[in-house]
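A structural walkthrough
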Amino acid sequence: MNDARKSLSRIAQAAVVALGFAAGGAMSQSGDRGAYDQARDAAQVQYDNARKQCRSLAGNAKDICEEQAELERTRATAQAEARYRNTPEAREEAAQDIAEAEHELAEERCEELGGNAKDVCMKEARAAYEKARADARAERRSADAHRDAREQARDARRDAEEERCENFSGDAKDACLRRARGDVNR
């Protein structure tokens, strides 16, 4: 049972890391195709090497090893994709993909157990998975809400500036309105 709790703890830690990545990823530059391709290729090489190491194992230990390799590849490629696209949706998808891979690994670790311990382990794994998915959705919604708030504040400032322009007339009013709307080159 202790191994199952450790596994679930790792899922929770990964979810926190994924959410931290999702929050911090907004600060990174998007569109670096070279970095994305390099990260994806490195993840594949690491995955292939990890799978080779799993060949020496047997039974559930081999299955766990393979799931761990899959998790690491998923984590690396999902994060690279999210950095490349640099959108709240991409970060949510990355967190969701990582949560699913973590869940698969946790379920595989539960297979070692029997009886009620296995049932509890599977339910705890499912609960951790659902929490990670919900956290990813909430993080995206939060990012969307912040974006909407910035847009609303910008629009309100522009409306206030345009209202100030009502004090002018003619060319002065036109120039004021252009500045308020951000059309300074006209």
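Each remark here, short or long, concerns the structure printed above.
Residues numbered from 1 in each chain as written. Predicted model: local features only at pLDDT ≥ 70, side-chain atom pairs only at ≥ 80, totals over all residues. Heavy atoms only, no water.

For the rest of this paragraph, the subject is helix H4 (residues 88-110). Counted at 1.5 Å a residue, the expected span for H4 with its 23 residues is 33 Å, and the 33 Å between its end C-alpha atoms agrees. For H4, the tally of buried residues reaches 17 of 23 residues, placing the bulk of the element in the interior. (Helix = DSSP H or I, 4+ residues; strand = E, 2+ residues; numbered from the N terminus. Expected span 1.5 Å × (residues − 1). Buried < 20%, exposed > 50% of the residue type's maximum accessible area, 1.4 Å probe, protein only.)

This brings us to the environment of Ala-69. Within the secondary structure layout, Ala-69 lies in helix H3 (residues 59-85). With relative accessibility at 5%, the residue Ala-69 sits in the buried group. Considering only alpha carbons, one finds Ala-69 and Arg-51, 18 residues apart in sequence, at a separation of 6.5 Å.

Going through the model one piece at a time under the given rule, you end up with 23 salt bridges. A salt bridge links Arg-147 to Glu-151, with the shortest nitrogen-to-oxygen separation between them at 3.9 Å. Of the two residues, Arg-147 and Glu-151 both sit in helix H5 (residues 115-164), 4 residues apart, roughly one turn of that helix. Its relative accessible area of 32% is what places Glu-151 among the partly exposed residues. Between Arg-154 and Asp-155 there is a salt bridge, and its shortest N-O distance comes to 3.3 Å. Judged by its relative accessible area of 44%, Arg-154 is partly exposed. For Asp-155, a relative accessible area of 25% translates into the label partly exposed. Each of Glu-92, Arg-140, Asp-144, Arg-147, Asp-148 and Glu-151 takes part in a single network of salt bridges with overlapping partners. (Salt bridge = Lys/Arg side-chain N within 4 Å of Asp/Glu carboxyl O.)

Considering all chains together, one arrives at 3 disulfides under this definition. Across a sulfur-sulfur distance of 1.9 Å, Cys-110 and Cys-121 are joined as a disulfide pair. Linking Cys-110 and Cys-121, the disulfide has an S-S dihedral of approximately -75 degrees and is accordingly described as left-handed. Separated by 11 residues along the polypeptide, Cys-110 in helix H4 and Cys-121 in helix H5 bring together distant segments of the chain. Judged on exposure class, the residue Cys-110 and its partner Cys-121 are both buried. For Cys-165, the disulfide goes to Cys-176, at an S-S distance of 2.0 Å. Linking Cys-165 and Cys-176, the disulfide has an S-S dihedral of approximately -80 degrees and is accordingly described as left-handed. One end of the pair, Cys-165, is in the loop between H5 and helix H6 (170-181); the other, Cys-176, is in helix H6, and 11 residues separate them in sequence. Across the pair, exposure class does not vary: Cys-165 and Cys-176 are buried alike. The disulfide pattern of the chain is 1-2, 3-4, 5-6 when the bonded cysteines are numbered in sequence order. (Disulfide = S-S within 2.5 Å.)

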